[in-house]
Amino acid sequence: MKPLTFSILRLLSDNEFHSGELVARAMGVSRASVSLALHDLSETGLTLQRVHGRGYRLLDPMQWLERDAILRYLGRETNNFNLEVLDIVDSTSTYLLQRAARGSGAGDERIHVVAAELQTSGRGRRGRHWHSGLGDGLAFSLLWRFQHGASLLSGLSLVVGLAIIRALESTGVKGGVLKWPNDVLYNMCKVAGVLIELHGDMLGPTMAVIGVGINLKLSNITHARIDQGVTDVYSISGEKPDRNRFLAALLISLTGALREFEREGFSRFKQEWVAHHCCENKLVRLGFPDGSSLDGVIHGVADDGSLLVRTSAGVQSYNSGEITLYKME
Ligand code: BTN
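The structure presented is a predicted model; accordingly, all values stated were derived computationally and were not measured.

Caption draft 1: Structural view of the nonpolar core. In this structure, Phe 140, Leu 142, Ile 164 and Ile 214 are the most contacted members of the largest nonpolar core, which totals 66 residues. By residue number, the principal contributor to this core is helix α6 (residues 156-170), which donates ten residues. Sequence-distant contacts of Ile 214, that is, excluding residues within four places in its chain, are made with Trp 130, Gly 137, Leu 138, Ile 164, Val 191, Ala 192, Val 233, Phe 246 and Leu 250.

Caption draft 2: View of the sheet that holds strand β7 (residues 183-186). In space, the seven strands of this open sheet follow the order β3-β4-β5-β9-β8-β7-β6, with mixed pairing throughout. Only two strands of the sheet have a single partner each, and these edge strands are β3 (81-89) and β6 (177-179). Ignoring which end each strand starts from, the neighbouring axes of this sheet average 20° apart. Contacts from α6 reach β5 (137-146), β6, β7, β8 (189-200) and β9 (206-215) within the one sheet, and its direction differs from that of β8 by about 140°.

Caption draft 3: Spatial organisation of the site of the ligand. Around the ligand, a shell composed of 20 residues is seen, among which Ser 91, Gln 119, Arg 123, Arg 125 and Lys 190 lie nearest. The side chain of Gln 119 places a nitrogen or oxygen atom 2.9 Å from a nitrogen atom of the ligand. Within the backbone of Arg 123, a nitrogen or oxygen atom sits 2.7 Å from an oxygen atom of the ligand. Going through the elements one at a time, α5 (92-101), β5, β8 and β9 are the ones with two or more residues in the shell around the ligand. Broken down by element, the residue count for the shell around the ligand peaks at four residues, all from β8. Residue classes in the shell around the ligand are distributed as six nonpolar, ten polar and four charged.

Caption draft 4: Representation of the packing of α6 against helix α9 (residues 243-264). At a minimum axis distance of 8 Å, the contact between α6 and α9 shows a crossing angle of 140°. By the criterion of interaxial angle, the relationship of α6 to α9 is oblique. For the pair α6 and α9, the crossing hand works out as right-handed. Residues Leu 156, Val 159, Val 160, Ala 163, Ile 164, Arg 166, Ala 167, Leu 168 and Ser 170 of α6 form the contact with α9, whose own contacting residues are Phe 246, Ala 249, Leu 250, Ser 253, Leu 254, Ala 257, Leu 258, Glu 260 and Phe 261. Within the contact of α6 with α9, the residues separate by chemical class into 14 nonpolar, two polar and two charged.

The rules behind each value
Residues numbered from 1 in each chain as written. Predicted model: local features only at pLDDT ≥ 70, side-chain atom pairs only at ≥ 80, totals over all residues. Heavy atoms only, no water. Core = buried A, V, L, I, M, F, W, Y, C linked by side-chain atoms within 4.5 Å. Buried < 20%, exposed > 50% of the residue type's maximum accessible area, 1.4 Å probe, protein only. Helix = DSSP H or I, 4+ residues; strand = E, 2+ residues; numbered from the N terminus. Contact = heavy atoms within 4.5 Å. Pairing = 2+ DSSP bridges. Axes fitted to C-alpha atoms, helices over the stretch in contact; angles between N-to-C directions. Near = heavy atom within 4 Å. Polar contact = N/O pair within 3.5 Å; in protein donor to acceptor, adjacent residues only side chain to side chain. Nonpolar A, V, L, I, M, F, W, Y, C, P; charged D, E, K, R; others polar. Parallel < 35°, antiparallel > 145°, perpendicular 65-115°, else oblique. Left-handed = near helix turned anticlockwise from the far one by under 90°.

See below:
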């Protein structure tokens, strides 16, 4: 999608009809260019009405991310962030990793965050695709530098999931649970996912790119693209959240949790994490990347965040694998 398309969509985000001629004049382009720019919006999930004699109108217009509003909502944390808001990018995590590899931002003490309105190749865990449309969720990545080595960071992904739960609760969205290691679910349907990529030595320092995707109000098109049980904040709370405010709440919660984790490690979070675990004391199947699996009952998590599973061989700890519940509740 071209910058012109984004500019026109912004203009159309007021729920009103706009004639092709007025849009063209406002953009300083021809009517044909407007028509071409709006020709294929299928990747956005947006629905555009074209009515002869009246012009264009977006149905259920989206709320755009506004950097200034997000910074304002960050309050006294504002100066701690270097925040970029992009219209379109392949993946905010790929973008941040590439920028860090090029050394950009070196020497900047602030926390680098990149949020995008639209990702063309959003990445999920285990090589999966993360689907989202324009304005129907939040997609952002945050870069955090740890002095520790990666060997001490195994609880990190659990801490990030918990920080999302805390942020949801702080904005009145209660009842979220976690599925090890860090999926955030409501009624066993996924509302948020986390992708963590670590770079550095086992002994440190380590750079973590933490990518977070949250479903706020999924369009039918995005919904149809996702091949697992999925939900969004709108379905849970009945309210369409303010995207700028929500992103700020997430950043505040995340950075607070990351500082706490740096100081005190995962054991500090363990009890709160287990209290939110959807599968505690449940019979599950744990599937491993090589295709093998085992059945057992979840018995909490260890101090390093690994999953404890009771099988006929006793309680064993695992730091990879995908849980499937035997009985969805
Ligand atoms: C998962 O549940 O599989 C993880 C999903 C992570 C998606 C987010 S969206 C922002 C960031 N950029 C990406 O490409 N992925 C993460």
